Amino acid sequence: LRGVKAKDRSGPEFKAAINVKKPRLRAKGPLRTILETAGLEKEKLRLQELDLTCESKEGRITCSPLRLLAGDNEIMVSGSMGVDDSLEYLIQLPLTKALTEQANVAVHGEVTVAAEVTGSRTAPMFDRQTFIAGLAERLSAAQTPQVKEGGSVPNVQEPTAAAEQ
């Protein structure tokens, strides 16, 4: 949007439905780093749903969450990209053995954690060290009352029906 006045940078508003047929997924950039960090980089990556809806509103393009499978592990990618190419994505994934080992914590039950991807379309950013350090801090704090089977950890998210829509 070079040469466009600041007041016009919100971009056009639109809604679109997209059907993806026979996708071939290959993790690159921050998603690949997140999968490597979680020990899931060797798992086959598949889309769970082939229909997506996207909309552009107030300068941000948001699509329905991408529900992926890395082997048997569900991963959800949600967020938006600005018309200025800025990224604000959240990648929710299960707390794997590799993550608990790196965070040096023991957790009982199924827990979902979230990793942030920011930066821009041409320079996306995921800070692995900050993610692991934050994970260790949040999970250790959550161990004061024991995490119950299928329980959640503060600031560590579980997928909800609203988030899956």
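As a reminder, the structure under discussion sits directly above these lines.
As the structure is a prediction and not an experimental result, all values here were calculated from the model.

1. A look at the side chain of Arg67
Looking at the secondary structure, you find Arg67 in strand β5 (residues 66-70). Of the residues examined, Arg67 reaches a relative accessible area of 16% and is grouped as buried. At 3.0 Å, the side chain of Arg67 forms a polar contact with the side chain of Glu49. Reaching out from Arg67, the side chain makes a polar contact with the side chain of Glu74 at a distance of 3.4 Å.

2. Some thoughts on the pairing of strand β7 (residues 87-94)
By the bridge criterion, six bridges tie strand β6 (residues 73-82) to β7 in an arrangement that is antiparallel. What sits directly across from Ser78, in β7, is Leu90. Counting the residues that bridge the hairpin from β6 to β7 gives four residues, and of these Asp85 lies at a positive phi of roughly 75°. Bridge count for β7 against strand β8 (residues 112-119) is six bridges, and the pairing is antiparallel. Note that in β8 the partner of Gln92 across the bridge is Ala114.

3. Some words on helix α1 (residues 29-37)
An α-helical turn contains 3.6 residues, so any two residues separated by three or four positions project in the same direction. Within the span of α1, buried status applies to Pro30, Leu31, Ile34, Leu35 and Thr37. Each buried residue of α1 lies within a common arc of 160° when the element is viewed along its axis, so the set occupies one face. Phi turns positive one or two residues past the end of α1, at Gly39, with a value near 75°.

4. Notes on the state of the cysteines
The tally for this structure, following the rule as stated, stands at one disulfide. Here Cys54 connects covalently by a disulfide to Cys63, the sulfurs 2.0 Å from one another. Disulfide Cys54-Cys63: torsion about the S-S bond near 105°, hence right-handed. Judged by relative accessible area, which is 9%, Cys54 ranks as buried. By relative accessible area, Cys63 is classed as partly exposed at 31%.

5. Comments concerning the layout of surface pockets
Put simply, the largest pocket is a space of about 740 Å³. The set of elements that each furnish at least two residues to the lining of the largest pocket consists of α1, β2 (45-47), β4 (60-63), β5, β6 and β7. Take the lining of the largest pocket: its biggest share by element is four residues, from β6. Partitioned by chemical class, the residues of the lining of the largest pocket number 19 nonpolar, four polar and three charged.

Reading guide: rules and limits
- Residues numbered from 1 in each chain as written.
- Predicted model: local features only at pLDDT ≥ 70, side-chain atom pairs only at ≥ 80, totals over all residues.
- Heavy atoms only, no water.
- Helix = DSSP H or I, 4+ residues; strand = E, 2+ residues; numbered from the N terminus.
- Buried < 20%, exposed > 50% of the residue type's maximum accessible area, 1.4 Å probe, protein only.
- Polar contact = N/O pair within 3.5 Å; in protein donor to acceptor, adjacent residues only side chain to side chain.
- Pairing = 2+ DSSP bridges.
- Arc of directions from axis to C-beta.
- Disulfide = S-S within 2.5 Å.
- 1 Å grid on protein atoms, 1.4 Å probe; cavity = no way out; pocket = protein on both sides within 12 Å on 5 of 7 lines; lining within 4 Å.
- Points joined across faces, edges and corners; volume = space filled by probe spheres on them.
- Nonpolar A, V, L, I, M, F, W, Y, C, P; charged D, E, K, R; others polar.

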